[in-house]
Amino acid sequence: MNQVFGSTIPAPNPTGELHLGHVLNLTVQDIFCRWNSLKGSDLYWAGALDHGTTITEAITQRRLSEAGVDTSNWNKGDWIRAVNEWIDYVAPRIYKQIRHMNLIMDIDEIRCFRDEGLRVGCQRLIEELERANLLYRACVVLPWCPRKKTYVDKAETSLESRQVQEYSVRYVDEIDPNLTIDIWIERPETLLNDTALIVSSQHPLAGDRPRQVITPLGLKIPLITEDEFFEERTVAAVARVTPGHCARSFRWARHNGLPIHRVFDEDSIMEVGEYKGQARAEAAQQIVMKVMDNGRLMGTRTRETSQAIYRLSNGPVEDFLTEQCLVESGKMAEGALEVLRKGEIRIHPPMYKKALEVHLEAIVNATRTGANSELADDWCISQQTAWGNDLKIDHIPYLAERGAEYAKPTREVEPVVPFKIADALWPFYVNRVVYSLSENEVQEVAKSSICVTGVDLVLYWIEPILMLSTVLKQGIAFRDVIIHPLICDAQGRKMSKSLGNIIAPDEMWERYGSDALRFALLQSLDLSQGKMNFDESYVRNAKKLLNEVEKSLQNIQQRTEQAGGALPLQRIDEQDIFTDLDQAMTQFDIKSAMNHVNRLLQMIVAQGKSLDIQRSRQLLSLAALLEPFAPELIGNLGISQAANAKRVPTAV
């Protein structure tokens, strides 16, 4: 018997509300789970409240700040207790919304990453990666938040426009002081990290002979001509090499055997020179004064620029040399390409398969060639935040050759698994933990499972899952990936509070009922598009149509009671509707499926006034096919045929 596991991203709902995007995602999962249930399948569908690690912690932190709670001296245990209290508060609100949606999901099996079974499951999968010789520790330059003192994944940041103070500093040729290079810098303290100056072949100081320049602090460093360092190679470019505080510089220095060090530690305390032991900000001021005294400060300015801001601290993210645990991503990318090309995991619509292949190929090529690109970087799987799955890394080997030979961190913090990795691991262990399935059963479920996600998460979530599928013993996490567009307003604008164009699902349910919102979303959905425009009028029109259908079905029911009710499905003249609808659903073509549903609705409405008993009995049978698309309507009429998601004793 076909088993279906409708897999979802553990929903990021720390704000306490499902938004319209969540509703669309869960609706798409629900229609396929219900359809397969109508066809006789068992269902394995486990939802979740939180994948959020950092976002859950960030929301908790914001609310505490608004309440005036001083958290400056909190330890990890304090934060974990606070986050748990928030989840306990917010969970009932989310459950209420899920009940409004009338999903076939078993609400009692909704989980959170704080569940001990899931934490254990996550650690076991990490151990699988270790046994595959994919994990190592090294000192590498990664995005870092100085305020929270943690590694930051790019997905945890947003670009914001902020004012920054910049300084124009002068580098002078060692032999000819008339030959100078002026560079604008933002962090004066990193002048102590200057290791080389690189110019493109188009630069006036470019040349074949060895050359040195004097830095603004009076240090001698080599001037090197190399076009490969720059992404744009047709201009007279110049760049500082600061390998402890710039990822691009770090890769270049490691490749060329240059020394790698940093100038301040995880607590922003200076580690080098006469400034050792000083606070970073204090040292920066002194360094500016010294550059000025040397006659090398050529100007200052305040400039508005786009900065990466960490959502947990609301502070800027910068590159920093730190010891972390990493997993080799290049090897996994090669395997993921093979999985896609063999069709072991299918992508719907297919256009996203090509996008995934292109990105995976770029990772493979960057890794093979040693390109100076973030695509060649291994994934960091350790983070120094409070909330998340604890990561046991003491026994993971430290490989100096993969990074820089450097002292251990001054702060001993038990790391957690970053949310990107925890999310990617979720589909691999949720079946075992929630439904106590054996390894063979998990593999069988995965072969018939679906995964539904938004277009914005193809690279952030689907790609890592594909890559992990090649190295974890379970193999693939699911067979089919359904990618839906982002919801915008009727004018195609992103919904936001500032624009006042947010459509709150709770208000729609209260005004029109769950079926109307569901049906309006499905009517508007076209998987071939990156976004879908939506308006309340769509829900209003759907409600009007469904009311008309309900009245017709009630008339049909009354008319057929004495005639023996609905006919068996195999005796229906319109068998082609079932065949067409099943073909569309099997191909995950929601747009075509809705066309067939609308054809059936039109027949039902037309038959509502007819006196043809035989025809009414036929259409009443077919009406059961509407359950995935209007479950409340079919349930109220008493003609539901889908079973609830299968309940199996849990392992937790």
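Residues numbered from 1 in each chain as written. Predicted model: local features only at pLDDT ≥ 70, side-chain atom pairs only at ≥ 80, totals over all residues. Heavy atoms only, no water.

Let's talk about the pairing of strand 6 (residues 135-145)
Across the 11 residues of strand 6, 10 count as buried, placing the element largely inside the fold. In the sheet, strand 6 pairs with strand 7 (residues 150-151) via two bridges, with the strands oriented antiparallel. Note on strand 7: the bridge partner recorded for Trp 144 is Tyr 151. From the end of strand 6 to the start of strand 7, which pair antiparallel, there are four residues, and Lys 149 there has a positive phi angle of about 55°. (Buried < 20%, exposed > 50% of the residue type's maximum accessible area, 1.4 Å probe, protein only. Helix = DSSP H or I, 4+ residues; strand = E, 2+ residues; numbered from the N terminus. Pairing = 2+ DSSP bridges.)

Re the sheet that holds strand 18 (residues 379-380)
Pairing within the open sheet is antiparallel, and its four strands lie in the order 7-6-16-18. Among the strands making up the open sheet, the edge pair consists of strand 7 and strand 18. Here strand 6 pairs with strand 16 (residues 318-327) via 10 bridges, running antiparallel. If you follow Cys 139 over to strand 16, its bridge partner there is Glu 323. Packed onto the sheet, helix 5 (residues 247-256) meets strand 6 and strand 16 and runs at close to 145° relative to strand 6. (Contact = heavy atoms within 4.5 Å. Axes fitted to C-alpha atoms, helices over the stretch in contact; angles between N-to-C directions.)

Focus: unusual backbone geometry
Here the bond from His 348 into Pro 349 is cis, since omega is 0°, no more than 30 degrees from zero. Note on placement: Pro 349 falls in the loop between strand 17 (346-348) and helix 8 (351-369). Even without glycine at this site, Asn 133 takes up a positive phi of about 60°. Its place among the elements puts Asn 133 in the loop between helix 4 (116-131) and strand 6.

Quick look at the packing of aromatic side chains
Taken as a whole and assessed by the stated rule, the structure comprises 10 aromatic pairs. Here Trp 426 and Tyr 429 contribute two aromatic rings whose centre-to-centre distance is 6.2 Å and whose plane-to-plane angle is 75°, an arrangement assigned as edge-to-face. Here Tyr 429 and Trp 426 lie together in helix 9 (residues 419-435), a separation of three residues that amounts to about one turn. Owing to a relative accessible area of 0%, Trp 426 belongs among the buried residues under this scheme. Consider the rings of Phe 534 and Tyr 538, whose centres lie 5.5 Å apart with planes at 90°: the pair is edge-to-face. (Phe/Tyr/Trp six-rings, centres within 6.5 Å; stacked < 30°, edge-to-face > 60°.)

Description of the pairing of strand 8 (residues 157-173)
Across 13 bridges, the pairing between strand 8 and strand 14 (residues 297-310) is antiparallel. Looking at strand 14, one finds that Leu 159 is bridged to Ala 308. Note: strand 8 against strand 9 (residues 180-185), six bridges, orientation antiparallel. Considered in strand 9, the bridge of Val 172 is made with Thr 180. Here strand 8 folds back onto strand 9, and the loop between the two strands holds six residues.

Regarding the nonpolar core
The biggest cluster of nonpolar side chains holds 81 residues, and the ones touching the most others in it are Phe 32, Leu 517, Leu 521, Phe 534, Ile 590 and Phe 629. When residues in this core are grouped by element, the largest group, nine residues, is from helix 1 (residues 20-38). In terms of nonpolar packing, the next biggest core, distinct from the first, is built from 60 residues, Cys 122, Leu 356, Leu 472 and Val 481 among them. (Core = buried A, V, L, I, M, F, W, Y, C linked by side-chain atoms within 4.5 Å.)

Some details on helix 12 (residues 505-512)
Among the residues making up helix 12, those that are buried are Pro 505, Met 508, Trp 509 and Tyr 512. Viewed along the axis of helix 12, the buried residues span an arc of 100°, placing them on a single side of the element. Of the surrounding secondary structure, the elements contacted by the buried residues of helix 12 are helix 1, helix 3 (76-101), helix 13 (514-524) and helix 14 (536-560). Looking one or two residues beyond helix 12, the residue adopting positive phi is Gly 513, at roughly 95°. (Arc of directions from axis to C-beta.)

Points about the confidence of the model for the protein
Taken over all residues, the pLDDT of the protein has a mean of 87, while the share at 70 or more is 91%. For residues 645-652, every residue scores under 50 in pLDDT, and the model assigns this stretch 29 contacts once sequence neighbours within four places are set aside. (pLDDT = per-residue confidence, 0-100.)

Quick word on the packing of helix 12 against helix 14
Helix-helix packing is described using two parameters, namely the angle between the two axes and the distance between the axes. The interhelical angle for the contact between helix 12 and helix 14, taken along N-to-C directions, is 30°, at an axis separation of 11 Å. Regarding the angle of helix 12 to helix 14, the classification is roughly parallel. For the pair helix 12 and helix 14, the sense of crossing is right-handed. Between helix 12 and helix 14, the contacting residues are Met 508, Arg 511 and Tyr 512 on the first element and Glu 536, Val 539, Arg 540 and Lys 543 on the second. A per-class count over the contact of helix 12 with helix 14 returns three nonpolar, no polar and four charged. (Parallel < 35°, antiparallel > 145°, perpendicular 65-115°, else oblique. Left-handed = near helix turned anticlockwise from the far one by under 90°. Nonpolar A, V, L, I, M, F, W, Y, C, P; charged D, E, K, R; others polar.)

Quick word on the side chain of Asn 389
Structurally, Asn 389 is set in the loop between strand 18 and helix 9. Owing to a relative accessible area of 1%, Asn 389 belongs among the buried residues under this scheme. Ignoring anything within four residues of it in the chain, the contact list for Asn 389 reads Phe 113, Leu 118, Arg 119, Cys 122, Pro 415, Val 416, Val 417 and Ala 422.

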